[in-house]
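Here are the chains, one letter per residue:
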Amino acid sequence: MKHLILTVAIILTTSLTAQLNINNDFDSWSFTNTAAVESYNAITTTLSGGQPYPNNDSVIMSSPIYDVNGGLTVSYDVLGVIEQGYDFMYFQYSLNSSGWVDLDIFTGFKNKSIEHTLELESVSNIQFRFILVTDESINSYYTNSHNGNHCPTRNLFYYDIFNWSIEGQGNALPVEFGSLGADCES
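Residues numbered from 1 in each chain as written. Predicted model: local features only at pLDDT ≥ 70, side-chain atom pairs only at ≥ 80, totals over all residues. Heavy atoms only, no water.

## Section: the overall build of the protein chain
We count it as follows: We count a stretch as a helix when DSSP gives it H or I for four or more residues in a row; a strand needs E for two or more, and each element gets its number in order from the N terminus. Here the term buried applies to any residue with accessible area under 20% of the maximum for its type, exposed to any over 50%, and partly exposed to those in between, with areas from a 1.4 Å probe on protein chains only. A contact between two residues is defined here by any heavy atoms of the two lying within 4.5 Å. Accessible surface area values rest on a Shrake-Rupley calculation with a 1.4 Å probe, where residue burial reflects the displayed protein chains alone.
Summing up its helical and strand segments, the protein chain has one helix and 16 strands in all. Relative to its 186 residues, the protein chain shows a buried fraction of 38%. The contacts of the protein chain with a sequence gap of at least 6 include a subset with a gap of at least 24, amounting to 76%. Looking at the protein chain as shown, the accessible area adds up to about 10500 Å², and 51% of this sits on carbon and sulfur atoms.

Now the structure itself:
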């Protein structure tokens, strides 16, 4: 009996870990300028019915900081259109607050699912962000459709990000038992 308890304690102490599995945690994100969470559970650079995103500026959508140990798979969908070749949205990450690294860049029309795999060798704090960098031109456009009074319809340039998920390939947030006290004789 004494050996069984000791064996179980050793196995639990060395192998019990919590897997990182995050989905659409946008209520924990921070936003600048026109960025925010839409009612349909997406983050966006320009709220519907709102003002265009700012000219000659940046719009930042930042995730919380995640504690990770091992590899990660990050996936999300991008939908929308921004000025092709003039405005750019970068997807970046930062490990242990050591500066931002580009993972992807978008401009023009996008409607696609994206997946990135990151191999991390040690326990790290990681944060992600989408940063829209704009030029000096107007960030809305007109179409041939009309709004009832024969005026062209004004549309806003935007990108929506939805179906955000992070899954740990290795271990995340290790769980360890500090000590075990047992009376094996009784």
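Still to come is the rest of the account.
## Some thoughts on the environment of asparagine 163
Spelled out, the test is: Polar contact criterion, stated in full: a pair of N or O atoms within 3.5 Å, where within protein one must be able to donate a hydrogen and the other to accept it, and residues adjacent in sequence count only if both atoms are side-chain atoms.
Here asparagine 163 shows up in strand S15 (residues 158–168). A relative accessible area of 43% means that asparagine 163 is categorised as partly exposed. Between the C-alpha atoms of asparagine 163 and tyrosine 76, which are 87 residues apart in sequence, the distance is 5.0 Å. With near-sequence residues (within four places) excluded, asparagine 163 lies in contact with Asn24, Ser75, Tyr76 and Asp77. Of note is the side chain of asparagine 163, whose polar atom sits 2.5 Å from the side chain of aspartate 77.

## So, the environment of serine 122
Note that serine 122 resides in the loop between strand S11 (109–118) and strand S12 (123–133). Expressed as a C-alpha distance, the spacing of serine 122 and asparagine 69, which sit 53 residues apart in the sequence, is 5.6 Å. Among residues more than four places away in sequence, those in contact with serine 122 are Val68, Asn69 and Gly70.

## What about the nonpolar core?
As a reminder, the rule being used: We call a set of buried residues a nonpolar core when its members are Ala, Val, Leu, Ile, Met, Phe, Trp, Tyr or Cys and they connect through side-chain atoms within 4.5 Å of each other.
Ranked by size, the top nonpolar core spans 33 residues in total, and within it Tyr66, Tyr76, Ile126, Phe128, Phe130, Trp164 and Ile166 carry the most contacts. Looking at this core, the elements with two or more residues in it are strand S6 (58–62), strand S7 (66–69), strand S8 (72–81), strand S9 (88–95), S11, S12 and S15. Looking at this core element by element, the count peaks at five residues for S8.

## Quick word on the pairing of S9
Going by this rule: Any two strands with at least two DSSP bridges between them are considered paired.
Bridge count for S9 against S12 is eight bridges, and the pairing is antiparallel. Within S12, the position partnered with leucine 95 by the bridge is isoleucine 126. Strand direction decides the pairing type here: S9 and strand S10 (residues 101–106), joined by five bridges, are antiparallel. Following the sheet pairing, phenylalanine 91 is matched in S10 by aspartate 104. A loop of five residues connects S9 with S10, the two strands running antiparallel in sequence, and asparagine 96 in this loop sits at a positive phi of about 50 degrees.

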